[in-house]
Amino acid sequence: MRVHSAPWVLTGGPSTPVAERGSATSNRGERDGAIADGAIALDGNTLLAVGPRAEVEARFGKAERLDAVILPALVNAHLHLELSHMKGWVAGGEGLPAWIQLFVAARPRTREGEPEQAMAMAAEDLVRAGVAAVGDITNTLASLRPLAEAGIAGTLFHEVFGFAPSRFEASLAAARAARAAAGAPPPGLRIVESPHAIYSTGAAALEALLRGGPGSLHLAEDPAERDFCATEGGGAFGRMYASLGAHFEELRVAGRSPVAAVAAHLRPHHLAVHCVDLDDEDVALLAATGATVVLCPRSNSYIVGRLPRLEALLAAGVPLAVGTDSLASSPSLAPLAELALLWREHPAVPAARLLPLAWNGAAVGASHVGRLVPGAAPGVLAAPFDVARVDDPFEYVVSKFGGEERAFTWLARQSPASPLTPDSSDRSSR
């Protein structure tokens, strides 16, 4: 058994509104999930207790004092680990349709063995960044092994593409065969069928995949998606299909906006990723669905030159998480670096509202990650101090370990407490 104390212990979990940056602690030494002069007790990786130091020491003995913030391990709710070898290969700044065309042209440069080596290194980088659970987008399932070997939990969203029905059915059959060959994922990881985006999946297929259970959907990443849904010619994506001789009009999902086109099919177990091009009606629709919006601001800035409407999403009560996207569009896989960008660009939003976006383990099927709950093994981090005193632990973690991408010290690793529930199970048999 080990007991650690620190000037601050952050307990994680959902965000509680905070009036302003740097607001004072309460008389009990607690503020928005922060315990001043707190402590934790651990048995291996399992958390036995968390609370004020005096109370924890009274039960478990003298604590080892750490000059640090103790906090739950983090969640990267959207990445593409299998694209890690493409870091720096694809130029951004011209919008999503242009980026996709450059991406497709660059991918054949891949050399044998290159993706596997890059994935292993990227998984190690996730651990250094304090990540214990992920929502990983995969076409090949090749990321399953490096994630498992790194001790990371979460969900692999196995994408099924296809605009024309025949292509979708062939893609679906191939995906299910690949999952059958891969066998059952290791404890803590699950694999689910998932669509990619409204511009890559026909309307009937998109509805069927979303109806099937948990899934992740790239949504409203670029204004070109709105044109695709709402205009006769489909805008830039329509021209892309026309150049390939494809007839998309009768197969596409249509609506006033991408969000309006799919809102009826979104449920709380879905992830809506990016959500940059939103108007007020879109924000209200997303809030009504209960789906979690995953923000990837550094990728959005790189590809589209825009950031999500953070304050509008927070005000509407939309469930939020944070992701990095792939190394093909983001400089690292550190979720706190994403939050540091949002913190700089939205000075009215305190770090205490932002950090919980990186604790949304439930969004990726790892509900034990992101909260310090006795009896669980969520993964526990220490963020060492480089100053004499820290008045706002949330701001310190976001600014130093996000803005400077410092490596965390692991006090305990995550471990799933029980098998995944039927609602979050693998759908490979479907």
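Note that residues are indexed from 1 along each chain, following the sequence as it is written. Only residues with pLDDT of 70 or above have their local features reported here, since the model is predicted, and side-chain atom pairs are shown and tallied only from 80 upward, although totals for entire chains, interfaces and linings are computed over all residues. Hydrogens are left out, water is left out, and the side-chain values use all remaining heavy atoms of the structure.

Q: What is the right way to read the environment of Ala260 from this model?
A: The helix and strand labels rest on DSSP assignments: H or I over at least four residues marks a helix, E over at least two residues marks a strand, and numbering proceeds from the N terminus. Mapped onto the elements, Ala260 comes out in helix 9 (residues 258–262). The rule is simple: take the accessible area with a 1.4 Å probe, protein chains only, and divide by the maximum for that residue type; under 20% is buried, over 50% is exposed, in between is partly exposed. Judged by relative accessible area, Ala260 falls into the partly exposed class, the value being 30%. With 71 residues separating them in the primary sequence, Ala260 and Leu189 have C-alpha atoms 32 Å apart. Beyond its immediate chain neighbours, meaning those up to four positions away, Ala260 contacts Asp282 and Leu285. Any two residues whose heavy atoms approach within 4.5 Å at even a single point are treated as in contact.

Q: Hey, could you run me through helix 13 (residues 335–345) in this one?
A: For an α-helix, 3.6 residues make a turn, and residues three or four places apart therefore share a direction. For helix 13, the tally of buried residues reaches 9 of 11 residues, placing the bulk of the element in the interior. Listing the buried residues of helix 13 in full gives Pro335, Leu336, Ala337, Glu338, Leu339, Ala340, Leu341, Leu342 and Trp343.

Q: I tried to follow the packing of aromatic side chains on my own but got confused; where do I start?
A: Think of a pair of aromatic rings as described by two things: how far the centres are apart, and how the planes are tilted against each other in angle. Pairing of aromatic rings covers Phe, Tyr and the six-membered ring of Trp, with a centre-to-centre limit of 6.5 Å; geometry is then stacked below 30 degrees between planes, edge-to-face above 60, and tilted otherwise. For the coordinates displayed, the defined rule picks out 7 aromatic pairs. Ring centres 5.4 Å apart and planes at 15° place the aromatic pair Trp99 and Phe103 in the stacked group. Of this pair, Trp99 and Phe103 both sit in helix 2 (residues 96–106), separated by 4 residues, roughly a single helical turn. Residue Trp99 is classed as buried on the basis of its relative accessible area of 10%. By relative accessible area, Phe103 is classed as buried at 12%.

Q: It is not clear to me how the pattern of salt bridges should be interpreted in this structure. Could you clarify?
A: In a structure, side chains of opposite charge can pair up when their charged atoms sit close to one another. We define a salt bridge as a side-chain nitrogen of Lys or Arg found within 4 Å of a carboxyl oxygen belonging to Asp or Glu. Counted under the stated rule, the structure contains 25 salt bridges. Arg145 is paired through a salt bridge with Glu149; the nearest N and O atoms lie 2.9 Å apart. Taken together, the positions of Arg145 and Glu149, both in helix 4 (residues 144–149) and 4 residues apart, correspond to about one turn of that helix. Salt-bridge contacts for Asp386 lead to Arg406; the nearest nitrogen and oxygen are separated by 2.4 Å. With Asp386 in the loop between strand 15 (377–384) and helix 15 (393–402) and Arg406 in the loop between helix 15 and strand 16 (409–415), this pair connects stretches of sequence that are 20 residues apart. A relative accessible area of 23% means that Arg406 is categorised as partly exposed.

Q: Sorry if this is basic, but what is going on with helix 6 (residues 203–211) here?
A: Listing the buried residues of helix 6 in full gives Ala205, Leu206, Leu209 and Leu210. Down the axis, helix 6 shows its buried residues gathered within 130° of arc, on one side only. Away from its buried face, by an angle of more than 90 degrees, helix 6 presents the exposed residues Ala204 and Arg211. Its buried side turned inward, helix 6 meets helix 5 (165–182), strand 10 (189–194), strand 11 (215–219), helix 9 and strand 12 (270–274). Two residues or fewer after helix 6 comes Gly213, characterised by a positive phi angle close to 145°. An arc is given here, and it is the one of the directions from the helix axis to the C-beta atoms.

Q: Got a minute to help me understand the sheet that holds strand 10 in this structure?
A: Strand pairing within a sheet occurs via backbone hydrogen bonds; the two strands may be parallel or antiparallel. The pairing criterion is simple: DSSP has to find at least two bridges between the two strands. If you walk across this open sheet you meet the 4 strands as 7-8-9-10, and the pairing is parallel. Looking along the sheet, the strands with just one partner apiece sit at the ends: strand 7 (74–79) and strand 10. Along the sheet, successive strands turn relative to each other by an average axial angle of 15°, direction set aside. Relative to strand 8 (residues 131–138), strand 7 runs parallel, the two being bridged by 4 bridges. Considered in strand 8, the bridge of Leu74 is made with Val131. The axes are straight lines fitted to the C-alpha atoms, using for helices just the contacting stretch, and the angles between their N-to-C directions are given from 0 to 180°.

Everything listed is a geometric property; what it means functionally is a separate question.
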